[in-house]
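Descriptive structure summary
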Amino acid sequence: MIRMEVTSVQSFLDYFRKIRERTMRVVACIPPDKIEWRAAADKFTLGDLARHIAATERNVFVECACGGWNRYAGCGRELAEGRDEVVRFMKQMHSESMNMLTRLSDDQLQQKCQSADGTPMTTWKLLRSMVEHEVHHRGELYAYLGVLGVKVPPLYGLTSEQLRELAGRTNNAKDPG
């Protein structure tokens, strides 16, 4: 069995910084006039998704990982209105989170903290779930922007079509016939 563990604060911070950069590239694609668009009445708006990623990062996951408690108060427009303010809010929350996380020691990653509902949890596992949470909501942003016909950046630099083309070239080069 391969285990995905976080054993170093610095390596986690480097990894998480890259995760957030990819998220911010997608958020930057939200048309300003669509920031409060929602796919259905009971779904988050694009702005809600971005604010939710930022607010839960700082006020739930990082707060709990650093010995505090769940301070989540929602993800509405009162936090930031308009795309530029949403981006600013996300950057502010992320900066605060990264500053807090730099104060954790590698040993503290192995200790228990309390999750949002008060359940004891190993700190590195809580931080891993923070990344999974962000990636989940980033996927929603990609899907909703796709519904709106907004061009978004490929996740890792290559599109599906480019990968298919590369695979075809590689397979043809190996084919002796």
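Here, every reference points to the structure presented above.
Presented here is a report on the structure given in the accompanying data block. Everything numeric here is computed off the predicted structure, so don't read it as measured data. (Residues numbered from 1 in each chain as written. Predicted model: local features only at pLDDT ≥ 70, side-chain atom pairs only at ≥ 80, totals over all residues. Heavy atoms only, no water.)

Let's shift gears to the overall build of the protein chain. Looking only at helices and strands, the protein chain features six helices and two strands. Order of helices (α) and strands (β) in the protein chain, N terminus to C terminus: α-α-α-α-β-β-α-α. A principal-axis box enclosing the C-alpha atoms of the protein chain has dimensions of 65 × 45 × 25 Å. Within the protein chain, residue pairs in contact and separated by at least 24 positions form 69% of the contacts whose partners lie at least 6 positions apart. As displayed, the protein chain offers around 10200 Å² of accessible surface, 52% of which is attributable to carbon and sulfur atoms. Where the 25 positive side-chain charges of the protein chain centre and where its 23 negative ones centre are 3 Å apart. (Helix = DSSP H or I, 4+ residues; strand = E, 2+ residues; numbered from the N terminus. Contact = heavy atoms within 4.5 Å. Areas by Shrake-Rupley, 256 points an atom, 1.4 Å probe, with all protein chains shown as cover. Lys, Arg positive; Asp, Glu negative; His and termini not counted. Charge placed at Lys NZ, Arg CZ, Asp CG, Glu CD.)

With that settled, the discussion passes to helix H3 (residues 83–102). End to end, H3 covers 28 Å across 20 residues, agreeing with the expected 28 Å (1.5 Å per residue, within 8%). The set of residues buried in H3 consists of Val86, Val87, Phe89, Met90, Met93, His94, Ser97, Met98, Met100 and Leu101. Buried residues in H3, looked at end-on, bunch into an arc of 160°, giving them a common side. Turned more than 90 degrees away from the buried face of H3 sit Asp84 and Lys91, all of them exposed. (Expected span 1.5 Å × (residues − 1). Buried < 20%, exposed > 50% of the residue type's maximum accessible area, 1.4 Å probe, protein only. Arc of directions from axis to C-beta.)

Position of His94 relative to the elements: it lies in helix H3. Exposure remark for His94: the relative accessible area of 12% places this residue in the buried category. Excluding anything up to four places from it in sequence, His94 contacts Phe16, Arg17, Arg20 and Glu57.

Right, let's talk about a nonpolar patch on the surface for a bit. A surface patch of nonpolar side chains, amounting to about 250 Å² of accessible area, comprises Leu158, Leu163 and Leu166. Leu163 sits in the partly exposed class, given a relative accessible area of 48%. (Patch = residues over 30% accessible without salt bridge, like charges linked within 9 Å, V, L, I, M, F, W, Y side chains within 5 Å. Salt bridge = Lys/Arg side-chain N within 4 Å of Asp/Glu carboxyl O.)

What follows covers the packing of aromatic side chains. In the structure shown here, the tally under the stated rule is two aromatic pairs. Judged by centre distance (5.9 Å) and plane angle (75°), the rings of Trp37 and Tyr144 are edge-to-face. Of this pair, Trp37 sits in the loop between helix H1 (9–27) and helix H2 (46–65) while Tyr144 sits in helix H5 (residues 123–147), placing them 107 residues apart in sequence. Classification of Tyr144 as buried rests on a relative accessible area of 12%. (Phe/Tyr/Trp six-rings, centres within 6.5 Å; stacked < 30°, edge-to-face > 60°.)

Taken N-terminus to C-terminus, the directions of H1 and H3 make an angle of 175°; their axes are 11 Å apart at the nearest point. In this view, H1 runs roughly antiparallel relative to H3, as classed from their interaxial angle. Between H1 and H3, the residues in contact are Val9, Phe12, Leu13, Phe16, Arg17, Arg20, Thr23, Met24 and Val27 and Arg83, Val87, Met90, Lys91, His94, Met98, Leu101 and Thr102, respectively. (Axes fitted to C-alpha atoms, helices over the stretch in contact; angles between N-to-C directions. Parallel < 35°, antiparallel > 145°, perpendicular 65-115°, else oblique.)

Take the pattern of salt bridges next. Across all of its chains, the model carries twelve salt bridges by this definition. Residues Arg51 and Glu36 are paired through a salt bridge, measuring 3.0 Å at the closest nitrogen-oxygen approach. Taken as a pair, Arg51 in helix H2 and Glu36 in the loop between H1 and H2 lie far apart in primary sequence, 15 residues in all. Judged by relative accessible area, Arg51 falls into the buried class, the value being 0%.

Attention now goes to H5. Taking 1.5 Å per residue as the helical rise, H5 with its 25 residues ought to reach 36 Å, and the 37 Å between its terminal C-alpha atoms agrees with that figure. Once H5 finishes, Gly149 follows within two positions and takes phi at roughly 80°, a positive value.

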